[in-house]
Every structure is written in C-alpha cells, then in structure tokens.
Amino acid sequence: MFNFEYLTATALEDLPKLLEGNRDENVLLAGGTDLLDRLKERLIRPKRVVNIKAIAELQGIRNGDGLQIGALTTIAEIAAHADIRKKYPVLAQAAGSIATPQLRNMGTIGGNLTQRPRCWYFRGREYRCLKKGGGRCYAVEGLNKYHAIFGGGPCHIVHPSDSAPALIALGASVEVLGASGSKQIPLTDFFVLPKQKLRAETVLEPNQVITQIIIPAPKPGTRSTYLKFREKQSLDFAISSVAAALQVQEGRVQGARIVLGGVAPIPWRVPAAEKELEGRPLNAETIAKAAAAAVANAEPMRENGFKVILTRNLVQRALENLMKE
Amino acid sequence: MAKWKPLERMDFLGKAYPRVEGPDKVSGRAKYTQDQAPAGMLYGAILTSPHAAAKIIRIDDSKVRQLSGVKAALTDVHPTGTVRYAGEEVAAVAATTPEILADALELFEVQYETLPFAVDIETAMKEGAPRVFADKANISDARVEEEGDLEAGFAKADVVVESEFRTQVQVHTPLEAHGSLAMWNGEELTIWDSTQAVHGVREGVANALEMPINKVRVICQHMGGGFGSKLQPGRYSAIAARLAKQAGAPVKLMLDRKTEFLGVGNRPNSIQKLKLGAGRDGRVTAFSAITYGTAGIGTNAGVRLPIVYDIPNYRHEHYDVFTNAGAARPFRAPGCPQAVFSMDQIMDEMAEKLGMDPLEFRLKNDANPARQQEWRIGAEKIGWAKRNPKPGSDPGPLKRGMGMAASIWWPGGRGTQAMITVYPDGMVEVRCGTQDLGTGTRTYVASVAAEELGLEMAQVRALIGDSDYPKSGASGGSTTAPSVAPAIKNTAEKTREALAEIAAKHFGVSPAQMEWQKSTITVKNSPAKKLGWKELCSLLDTEPLEVRGEWVEGLSSAGVAGCQFVEVAVDTLTGRIAVEKVVAVADCGLVLNRLTTESQINGGVIQGISYALFEDRLMDPHTGTMVNSDLENYKISGSIETPEIEVIIYDEWERGVIGVGEPPTIPTAGAIANAVYNATGVRLREIPMTPDRVLLALAKKS
C-alpha cells in the first residue's frame, strides 16, 4: 500500500529534523505543482510529506538594499511586483514566462529552483533511468530533441527553471537552513551537474531547505532581460532561454552576466560570451561575437542540433533588446 | 422529394441561437459519463502491456485479489495472448477507490516473453524487420487507383514537379477520455458510454458478451468529444460490464490519458512521393503518387490522393505498413488533411514553375462550382492581392506570408429514425437515438421540430443519446446532421398530418381541407373554424400522440467544398511559425444553427493548426514506447496559438443539410505550409512544422 504521513510544520527550525533521511522518503510540500505530479505518477513513494505553507517567515518580498524573497513567495507575486519589474526586469520577465497563470498562482520561487527535470524518460514510469537509480540514460540512443547541448553526461537532462537563470544573472544567493543552522550559497554554486551528483540537481542535502533568495542591489547602469523560447506559448518549458544582465556605463559594458536555461543540466552561464562584451561597447559586432561565443562549446545530440542555432539567436536577440534600452 | 421551406420563412434554421443544453453545461448540471457516480459504484482500470510485442506467459492476480477494497479482477481480457503494442489490454480490476485501484494495478504479476518489435514506419519497412504479425509481411500489397493514361498525361506535360511529403501520427485528444459505466439489473445491462454511437456500442457489447441485444441499453447524454475515435465499441465497455458482473456492483472504467493515447486510435502517418505534370496553359495533365502509412496494428492508413483538383490521368499506389503501435481509428476527415497537405503544396510548386498566381492556377483546375466562388471569396477576405510577391522578401527576421488550400468532403445523410410525442397539454418530445458529441445535435433536434411544428424551442424537449430511442447511426463522417435533421423534419411533418386528421374530424371535414399557419390549424376558407396549438392538443384528451418518421431523400446532400486562406509570421531567428489569421470559407448548405456551425469551423481550424505545428506521437525505437504520452509533451494548440479566425459561411439552403464537422480541418496544414513558403522561401514538406524543422530548413537554404 502507498500511504504516507502528512504533517504541517509551523516552526521553521523544525524542518531539518522532519526532513532528515532519504530525500525521496521525506518530502516537502509548498506549491505542490511538481510534487503532486510525481506522487500521482508514483515516481516517488514518500513516507512523510511535510507541508511548509504555514511557516510565516518563508513568505513575502523584503525590499531594502537589494531584495530578499521568501522561499514560499509565489511566482505570480514576483511577476507582478512593481519594484522587481522596474529594477530586476530579468526576474519579473522570467517569472511571468513560467507555466500558466494557475500554476504561477500556486508555484513558489523555492519550488521553482528545486523542481525536478522534465525529461520524458525521467518522468515516464516505465523507464528506470540513471536519475532513478537505473543503468542508463535513455536519451543517449533515444529521442533527445529537448535534451542538453551543454554539460550532459552521463545523464542528459536540462534544467527546467526559468527563475534560476534570471537569479544567477542578478548574482543572487539562496539562504539554506540545515541541521547546523543557516548559510548562504551563491546560486552559481547551488546547481550541480550529473557527473557530480546523479540523482539530484542541487547541492541541497535532504534535510536542507531554501528559506529565502537574496539578490544584491543592481549596480548603476544595470539593464537586464529574459528571453524564453517555447514551442507552445500557452504552456511550455523553455526549449532554450537567455537571462542577460549588463552593466553599461559610458557606452561600455562594465560587467556582463549571461545565463542560459533549458540547454544544460544546470542553468548554464557562458563566461566566453560575457568576455566578448566586457570593456566593449554594445553593438552589432560585439553582440554577434558574444552570441557565437555562447554556443561555441555546444555538444548537441542527434536530434537537438537546432538548439545550438536557436540559443545563439536568442542570445543575439536578448542583447539587441538590451542595446535598444 | 421532400423539400425544406425557403430560408426566409424559417424561424430558427439558418439563424444563430444558443444550445439547449448550454445552461446545464456551464452550471455543471450536465453529467458526462466521467461524472456518473451511482451508489456503490466501483472504479475499474485496465492493466496494459509495457512491451511493444510479447507473449503473455502467465498472469497471477492472487495478490490483487488479496488487497482490501478490490472487488473484481480479470486476467483473460486479451483475446490471443500475444500483445502487439505497448498499451494493449492485459488484465483488469475494479476497486472501491481510485487509490486502491492504482495499488491493485501494481500487484498483478505478469510474466511476458518479449518479442522483437518495430514501432516506427522506417524500421518496419526495412528488409528483415521484426514482423508485427507472424503470418503477414509488414508492408501490405499495393492498393492501386488509377484513371486515364498516366504516361500520355505526363508526355503532354510541359512542366513536371516531383516532391516528397511526410505527415505524422496524430492521436485523438478529446477532453473526455474513452470509458464506460456498466450497471447490471439482473440480466439487464445498462452502460453509460462516452461514445459517438450508442446503438453501435449496444450491438458491440451484446456481441462481445454474447447477450441478447434487447438486454443491453447504452446511454450517452453529454460527451466531451471523440473526433472519430469513439465510433466503435471499445474493449473497455465489455471489460467494465464483466467486472461489474463479477463484483455485483456498478463499475466505471475511464481510460487515463496515457492509455487513451496508446490504445484507442490515431490518425495514420504518411510518406508521400508525388509527381505532378501540367501544360504551359496551366492545366494539370497527370499526377502520380506512391504512399505509405502506418495504422499501427490496424489497416486503412490511406491518403486520399488525388484530391480536390480535376486530374484527367492519375495513378496512386498505396501501401499500409504494420507497426507495433495502437491501431488507427477514423480521425476527423480520415486520409484528407494528409492528402491536402501535399496536394495543395505541389499545386503551389507547379504554379510557381509555371509563373502563375496560385489562385489562378487553382481556378483553372477546380471544376467544383461552389469552390470556384469560395476561392474568390477567401482571396478577397484575406487580401490575397496584397501578399508578398516574392517569397522571403520581408526585411528583418520576422517574415509574413499567405497561403491557401482546399477543403472537400463526400458523405451525406443516411437512415435515421425518430419519434415525436405530442402531449395533451401541448408539449412535445422528440426522441432520436443519435448522440451529441459536442457539435450541437441536441439543439437542432429541438429546433428542426419546432421549425416544422411552428412552435417555440421551449415547447420541444429533445431526447437523444439513448439506445432505447429510435435508431440512428454513429456520429461520424459528418453524417449526423444530414441524417438526423431530415428524419426529425419528416417525423414532424407526419405529426402535423396526424394532428390535421384529428382537427378535421373535430370540424367534420376531410383532412385535405385543413390548413396550417404556424401552429394554428384552420379549415380552408372558414377562418372561424380554427384551433390554436393548445386547443388542438387538448383534443388528444388523455392519449399522447406518438408519430414515427425517418430519414428521407431531398433534405440533405453529399459533396462538400470549402477552402482556407492563412497568414503567418515566421520568426526566422527561432523558427516559430505564428498563424496570425485564418479565413475559413465553409460550404454549408442549409445551416441548422449558425452559432454551432461557426463553432465547429473554429474547432476544425484550431485542430488543423495543432496538426500543422504541434502534434506528433513520438515513439522511442529502442524501448517501443511513446515518450510523450501526456498533454505536457504531446503538444496541442492552446488559447495563445489560436489566431483570428474569420468564418465565412457559404450557405446554399436549397442543397439541404450537409455535414460541416470534418471539412474545416482538412486545408489548414497545407495552407499554413504554403504561407510559410511565401513568407520565407523555404518549403516545409513535413509536419508538424516545429521550430527545429524550420530552423534547419532555413539554415540549409542559406
């Protein structure tokens, strides 16, 4: 029989203890938009489900020098937040591009960062793939149109989050609570490749939870944008996406962060493209170079070569949009 | 021959009016099969094969039966013991809750001997490929259709175009899944079924269970679509009945989306090698086609070529290819969207080679008088004259273009029976064993009767969706309206005759002396001798009047034309095709209800866009499974993908009722492909036209 214990946590400090143990046995419920699918498909059979929605500290957006976003803040709140739209457009645009209005109303920012991959072999009950403790990645020989063009192997998933590339472009960190207290982890160090950790996508230990996201105040002259490409506009994960944040002063790019989504097992920062821009003016030539550099090291699989062209073009378009600002 | 009264004298037909069941649907009162929940009802489910080909060696259900809450289990649901696709029925179970049911499905112990398989057409066609059926080759014998002299036709051609086209397998995506609720009362069986054929399911279930037909009743009051996949009885109906019998309780067995995708139908794919010849004068002289298609373990994967245009000399050679996948079923205009996708593209390719406007070229080769008008109307509405004259010439990455393609359909009406009951209080019931798969059938059953009897719609109650009612056929092939509407009219006419006799008797004159004006009847030339509807019906005293009628010739016709024009914007940086506008000129005959007609045309266009740009059943050749068996990865058009659709109803009421359900989905993919070419200068010969294909085609061109 498949039954589980259902608990509603009320105190933040209780969480590490409640979640101690196997990550698929003790799971956390926030928006539930990913968890419920996995429960119904029986991809996981938890022994305990811990509802964290009643924990007040995890709610809300605090705006000061920079921004602190509680992990339970909904995607819809972030997309609609006036200050985020104004000062951190890349994040507002990314949040607004996620799923559908219904899912944005339920889904949380913490959940968006920790959601599991959408790979059809991972989601399909009949495939015991590497990520589920099986012996192979079915995408290698199988249907891999939507799989990774960077950082793949031995598993070839892509990271599905839209908010993650945007937050990395903004230099954000997450505050993580564990058994030994809280610590901050820069998001650039938060996600891990399958070669480092096969059965999870982040450094989080089973008993750790994200409590908030910390975004530094944008430097003067910062402009940012998020461009997401999906096949179906009504509802789709990114086939490829670009989060770009540029600090432009006196006609030159002082600092650049370009992060790709939907193309690698983790949000994929492209330093080679950033370097093409730094110290240079933003023009057609530097943009073309940056776009080419962004995909220079791509390793497409049999069916996803188009993602290389697509990603280059998206980087180009995102930077052109920022040039026009 | 029977005739409709002129349109200008109609109160309802030809006009727009809301569905009679609309309030029930928006308020949730309308109960679909999925909503049924009689007391004590159990939930049923089917265990399906995870293997694309396997022998079932042993099924052990002992652990299933030990599970508390399980009330019935079946291990003999597969007729031969050899499964030929992943998703085929292996065992079945009924339990008190859906959760226990899900547990129960995991407790069957099935031992399989797996066999080699071929799930895609390319693999199945290879020399030495695993055979789907041991005793049959995967590639069928050729089916040849020909007319005229092909060689002479090509010899006459000044220009010859050759092209290869491909279309994908499309699965049916009705909102309501297939399924049945089976309830026994002694030896009598009542089944609520989400079906396009209550009478067909009745016959099928009676046969499958070897029961007398008069002990089976099938009901379908409301249903969430079918698109052809619910025309036939499914194994699940008989399985639900057997589970219910074993459990001694009603069992509702609805398929989940995955089982739905795998096992209850699809539109076959196609590989089409086409050749078209024409003279400098713009007349097509010859056409040849060699086509392949797979209907999975089924047959009839044909492509209806040649199509639409007048071709004096042609030859079409078709091969069905077996694959280890669920059998195809009729899907909205079987064989036609595939055919028009290629035919209207090769017509455009030829027009370009001849240096002719595609519109002019079509008008020269299309003898259909309705479509001759419809092409011109559509061209005018979309602004064809303003289209991009040189393909791909728009500056910048976003490129716009226009394209067109034709529509066609054949069948008309056929036998349907109906009964009208007139009550002494003046209220009327119409009974007809048809069903409303969402198209508005119930509404016109009421309106045709109201029209003929001169009543208000509120005075008429339409009773359909029950095999206890007079027989009507399956709702498929766009035959429902041309079958049902004439039968209702005929029954209403006979009702009037019977009422006229009663009135004549009352006045002591002969029935021939009676005259109707709306619902009032008068003795000719004696205006004082008059009965209003209520007075007339009160003469029935306590005995309701029951009158039967049937489909008659003259009120419907076969042969439907139509065409569509589309405008697209192609983002050449991302490969995204956005359909911005569709002008759908629909050939409609007598329009029964303008609202539901437009609604069907909108739906056809949306489904056509979905077929052209998104839908694709993806089979993993290594595991033999469908990887995108859910609505996240099997992408269908959503609200944002839906463009402005301008529906032009080309109505000629004198032709009577013609079916409108299928034709509007036929031209969309071909018209979009032609528009994409006009926009970009790149011709896409394979659907769905997904961004990967667009980007790779653009890259190849430059």
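Residues numbered from 1 in each chain as written. Chains lettered and ligands numbered in written order. Predicted model: local features only at pLDDT ≥ 70, side-chain atom pairs only at ≥ 80, totals over all residues.

Student: Quick rundown of helix 17 (residues 691-701) of chain B? Include the residues and the values.
Tutor: Every buried residue of helix 17 of chain B is accounted for by B:Pro691, B:Asp692, B:Val694 and B:Leu695. What you see down the axis of helix 17 of chain B is that its buried residues fit within an arc of 165°, all on one side. In this structure, helix 17 of chain B carries B:Lys700 and B:Lys701 as exposed residues pointing more than 90 degrees from its buried face. On its buried face, helix 17 of chain B is in contact with helix 13 (306-324) of chain A together with strand 26 (562-571) and strand 27 (576-587) of chain B. (Buried ≥ 20, exposed ≤ 12 C-beta atoms within 10 Å, placed from the backbone. Helix = DSSP H or I, 4+ residues; strand = E, 2+ residues; numbered from the N terminus. Arc of directions from axis to C-beta. Contact = placed C-beta atoms within 7 Å.)

Student: Outline unusual backbone geometry, listing residues and values.
Tutor: Following A:Gly153, the chain continues into A:Pro154 via a peptide bond in cis, with omega recorded as -5°. Take A:Pro154: it is sitting in the loop between helix 9 (138-141) and helix 10 (163-169). Each neighbour pair has its own omega, and for B:Leu305 with B:Pro306 the value is -10°, a cis peptide bond. Topologically, B:Pro306 is positioned in the loop between strand 16 (284-294) and strand 17 (313-321). Positive phi, close to 65°, is recorded for B:Ala333, a residue that is not glycine.

Student: So what's going on with the pairing of strand 7 (residues 181-186) of chain A? Residues and values would help.
Tutor: Residue and element names in this part refer to chain A. Of all 6 residues in strand 7, 0 are buried; the element is thus mostly exposed. For strand 6 (residues 173-178) and strand 7, the ladder comprises 6 bridges, and the chain directions are antiparallel. Bridge pairing links Leu-177 to Ser-182 in strand 7. Counted along the chain from strand 6 to the antiparallel partner strand 7, the turn is 2 residues long. (Pairing = 2+ DSSP bridges.)

Student: Tell me what's going on with the sheet that holds strand 26 of chain B, and back it up with residues and numbers.
Tutor: Residues and elements named next belong to chain B. On the basis of which strands lie adjacent, the open sheet formed by 4 strands has the order 18-26-27-28 and mixed pairing. In this open sheet, the two edge strands, each paired with only one partner strand, are strand 18 (398-406) and strand 28 (644-650). The sheet shows a mean angle of 15° between the axes of neighbouring strands, direction not considered. Where strand 18 and strand 26 come together, 9 bridges link them in antiparallel fashion. Residue pairing across strands places Lys-399 opposite Val-570, the latter belonging to strand 26. On the sheet, helix 15 (residues 594-613) packs against strand 27 and strand 28 and is oriented at approximately 130° with respect to strand 28. (Axes fitted to C-alpha atoms, helices over the stretch in contact; angles between N-to-C directions.)

Student: Give me the interface of chain A and chain B: which residues, what numbers.
Tutor: Across the contact, 21 residues belong to chain A and 25 residues belong to chain B. Of all the secondary structure elements, the ones that give two or more residues to the side of chain A that touches chain B are helix 9 and helix 13 of chain A.

Student: Before we move on, can you summarise the environment of B:Gly465 with the specific residues and values?
Tutor: All names here are of chain B. Checked against the element boundaries, Gly-465 lands in the loop between strand 21 (460-463) and helix 13 (480-507). With 242 residues separating them along the chain, Gly-465 and Met-223 place their C-alpha atoms 9.6 Å apart. Apart from the residues within four sequence positions on either side, Gly-465 is in contact with Val-198, Ile-219, Cys-220, Gln-221, Gln-435 and Asp-436.

Student: Help me get a handle on the domain arrangement of chain B, residues and values and all.
Tutor: All names here are of chain B. Domain parsing of chain B yields domain 1 (7-30 + 412-550), domain 2 (33-115 + 173-263) and domain 3 (368-410 + 559-702). Distance from the C-alpha centre of domain 1 to the C-alpha centre of domain 3: 39 Å. Across the contact, 21 residues belong to domain 1 and 16 residues belong to domain 3. When residues of the side of domain 1 that touches domain 3 are traced back to their parent elements, those giving at least two are helix 12 (441-453) and helix 13. Sorting elements by how many residues they give to the side of domain 1 that touches domain 3 places helix 13 first, with 4 residues. Broken down by class, the residue content of the side of domain 1 that touches domain 3 amounts to 10 nonpolar, 9 polar and 2 charged. (Domains from an automatic or database assignment. Nonpolar A, V, L, I, M, F, W, Y, C, P; charged D, E, K, R; others polar.)

Student: Break down the packing of helix 12 (residues 284-294) of chain A against helix 13 of chain A for me, with residues and values.
Tutor: Residues and elements named next belong to chain A. Taken N-terminus to C-terminus, the directions of helix 12 and helix 13 make an angle of 145°; their axes are 8 Å apart at the nearest point. Relative to helix 13, the crossing made by helix 12 is right-handed. When helix 12 is examined against helix 13, the residues Ile-287, Ala-288, Ala-290, Ala-291, Ala-292 and Ala-294 are found in contact with a partner set consisting of Thr-311, Arg-312, Val-315, Gln-316, Leu-319, Glu-320 and Met-323. When the residues that make up the contact of helix 12 with helix 13 are grouped by side-chain class, the tally is 9 nonpolar, 2 polar and 2 charged. (Left-handed = near helix turned anticlockwise from the far one by under 90°.)

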